[in-house]
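Now for the letters of each chain:
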Amino acid sequence: MKFYDCSIAPNPRRARIFIAEKGLEIPKVEIDIVGGENLKDKFLSVNPRGLLPVLELDDGTRFDETMAICKYLEDIYPEPPLLGTTPVERAQIECLQRKMEFDGMIASSEAFRNNTKNESFSYRSLPGVDGIPAIDGLMERGYKTLDLFFHWLEHYLKDSKFITGERFTMVDITALCAIDFAKWAEVEIPKENTNTLRWYDEVSARPSAQA
Ligand SMILES: N[C@@H](CCC(=O)N[C@@H](CS)C(=O)NCC(=O)O)C(=O)O
């Protein structure tokens with residue numbers, strides 16, 4: 001297997017943390033998104049949409065979505081389980097994983113990528129080859145959605161150690177990466193969200209968070 005990575009980017013980080021939690025060593029190929037390497041022919045022959053991460057199998061099969069990569073690895077390496085162990089748990093984790101991704105990851109992306117004053121990214125409202133110019137209203141929607149993300153995250157963490165209960169899962173990985181991504185748009189965990197702050201310190205201290 002081969003993992004096409006970008007060490008500073010939030011979606012590759014989700015997959016990297018997942019891989020580290022599984023204790024796997026997968027050879028990495030670093031692609032420089034800031035320098036535009038993902039939009040050059042060499043990488044476009046790997047993923048024509050110019051997006052990272054990508055997992056390539058030894059037979060050349062490729063997966064270019066973070067969750068597809070994680071689901072594949074969970075099937076092949078079930079321990080420790082990060083996507084649930086029963087049909088009910090898997091469905092519950094899927095519900096929350098999607099909420100963290102849409103309200104956290106995508107909202108951070110909207111807030112960061114639609115800032116017309118940020119010259120490095122304002123010309124790329126969408127990542128990859130489909131980049132379109134920044135759209136002001138999307139930045140505002142991103143910030144408003146992040147408020148809701150933090151509100152609901154605090155609610156989920158009120159009575160449990162991790163977001164879905166007593167076990168660390170993909171939901172925690174996506175939420176952690178979304179929070180660190182939100183900092184790019186200068187949004188931090190609200191000071192009064194004490195459960196989220198407690199959880200954030202704990203998950204950030206896991207060795208996988210440094211992967
Ligand atoms: N839905 C994809 C999103 C992938 C994505 O947006 N990747 C970003 C890095 S976090 C990217 O490749 N950006 C390239 C760019 O900005 O041109 C996934 O979950 O893997």
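Residues numbered from 1 in each chain as written. Predicted model: local features only at pLDDT ≥ 70, side-chain atom pairs only at ≥ 80, totals over all residues.

> Before we go on, may I ask you to explain the overall build of the chain in this structure?
Within the chain one finds 7 helices and 4 strands. Each helix and strand of the chain, ordered N terminal to C terminal, gives the series β-α-β-α-β-β-α-α-α-α-α. Taken along its principal axes, the extent of the C-alpha atoms in the chain is 50 × 45 × 30 Å. Residue burial in the chain is summarised as follows: out of 211 residues, 37% are buried. Contacts in the chain between residues at least 24 apart in sequence constitute 64% of all its contacts with a sequence separation of at least 6. (Helix = DSSP H or I, 4+ residues; strand = E, 2+ residues; numbered from the N terminus. Buried ≥ 20, exposed ≤ 12 C-beta atoms within 10 Å, placed from the backbone. Contact = placed C-beta atoms within 7 Å.)

> Looking at this model, I keep getting lost on the nonpolar core. Mind explaining?
One broad rule of soluble globular proteins: the nonpolar side chains tend to lie buried together. Judged by nonpolar contacts, the single largest core of 47 residues is most densely connected at Phe18, Met170, Ala175 and Ala178. Of all the secondary structure elements, the ones that give two or more residues to this core are strand E1 (2-5), helix H1 (10-21), strand E3 (54-56), helix H3 (66-76), helix H4 (87-113), helix H5 (136-156) and helix H6 (170-182). Sort the elements by how many residues they give to this core and H6 lands first, with 10 residues. Looking at which domains feed residues into this core, each of domain 1 (2-76) and domain 2 (87-210) supplies at least three. (Core = buried A, V, L, I, M, F, W, Y, C linked by C-beta atoms within 7 Å. Domains from an automatic or database assignment.)

> Please clarify how the site of the ligand should be interpreted in this entry.
In the vicinity of the ligand lie 13 residues, with Ala9, Asn11, Leu51, Thr66 and Pro127 positioned nearest. A breakdown of the residues in the shell around the ligand according to their chemical character gives 6 nonpolar, 5 polar and 2 charged. For the shell around the ligand, the domains that each give at least three residues are domain 1 (2-76) and domain 2 (87-210). (Near = placed C-beta within 6 Å. Nonpolar A, V, L, I, M, F, W, Y, C, P; charged D, E, K, R; others polar.)

> How do you make sense of the domain arrangement of the chain when you look at a structure like this?
A common measure of how large an interface is: the accessible area buried when the components associate. Its domain assignment divides the chain into domain 1 (2-76) and domain 2 (87-210). The gap between the C-alpha centroids of domain 1 and domain 2 is 20 Å. Residue-level contacts link 13 residues of domain 1 with 14 residues of domain 2. In terms of residue count, the dominant contributor to the side of domain 1 that touches domain 2 is H1 (7 residues).

> Any chance you could explain H3 here in plain terms?
Side chains that are three or four residues apart share a direction in an α-helix, a result of its 3.6 residues per turn. Within H3, the full set of buried residues consists of Thr66, Ile69, Cys70 and Leu73. Buried residues in H3, looked at end-on, bunch into an arc of 95 degrees, giving them a common side. Considering only its buried residues, H3 is in contact with H1, E3, strand E4 (62-63) and H6. (Arc of directions from axis to C-beta.)

> Explain the environment of isoleucine 19 to me, please; I cannot follow it from the model alone.
Examined against the element boundaries, isoleucine 19 turns out to sit in helix H1. C-beta crowding within 10 Å serves as the criterion here: with 24 such atoms nearby, isoleucine 19 is assigned to the buried category. Between the C-alpha atom of isoleucine 19 and that of leucine 73, which follows or precedes it by 54 residues, the distance is 8.0 Å. Every residue in contact with isoleucine 19, bar those within four places of it in the chain, is listed here: Leu24, Ile26 and Leu73.

> Got a minute to help me understand unusual backbone geometry in this structure?
Peptide bonds are trans in most cases, and residues, glycine excluded, mostly fall at negative phi. In this structure, proline 53 follows leucine 52 across a cis peptide bond, with omega equal to 10 degrees. Among the structural elements, proline 53 can be located in the loop between helix H2 (41-44) and E3. Residues glutamate 79 and proline 80 are joined by a peptide bond in cis, for which omega reads -15 degrees. Considering the arrangement of structural elements, one finds proline 80 in the loop between H3 and H4. For glutamate 186, which is not glycine, the phi torsion reads 60 degrees and is therefore positive. Its place among the elements puts glutamate 186 in the loop between H6 and helix H7 (194-204). The exposed category is assigned to glutamate 186, around which 10 C-beta atoms lie within 10 Å.

> Can you help me understand the packing of H1 against H6 in this one?
Packed helices, taken two at a time, are described by the angle between their axes plus the distance between the axes. One way to put it is that H1 packs onto H6 with a least axis distance of 9 Å and a crossing angle of 145 degrees. As H1 runs across H6, the sense of the crossing is right-handed. Two secondary-structure elements touch here, H1 through Pro10, Arg13, Arg14, Ile17 and Phe18 and H6 through Met170, Ile173, Thr174, Cys177, Asp180 and Phe181. Tallied by class, the residues present in the contact of H1 with H6 amount to 7 nonpolar, 1 polar and 3 charged. (Axes fitted to C-alpha atoms, helices over the stretch in contact; angles between N-to-C directions. Left-handed = near helix turned anticlockwise from the far one by under 90°.)

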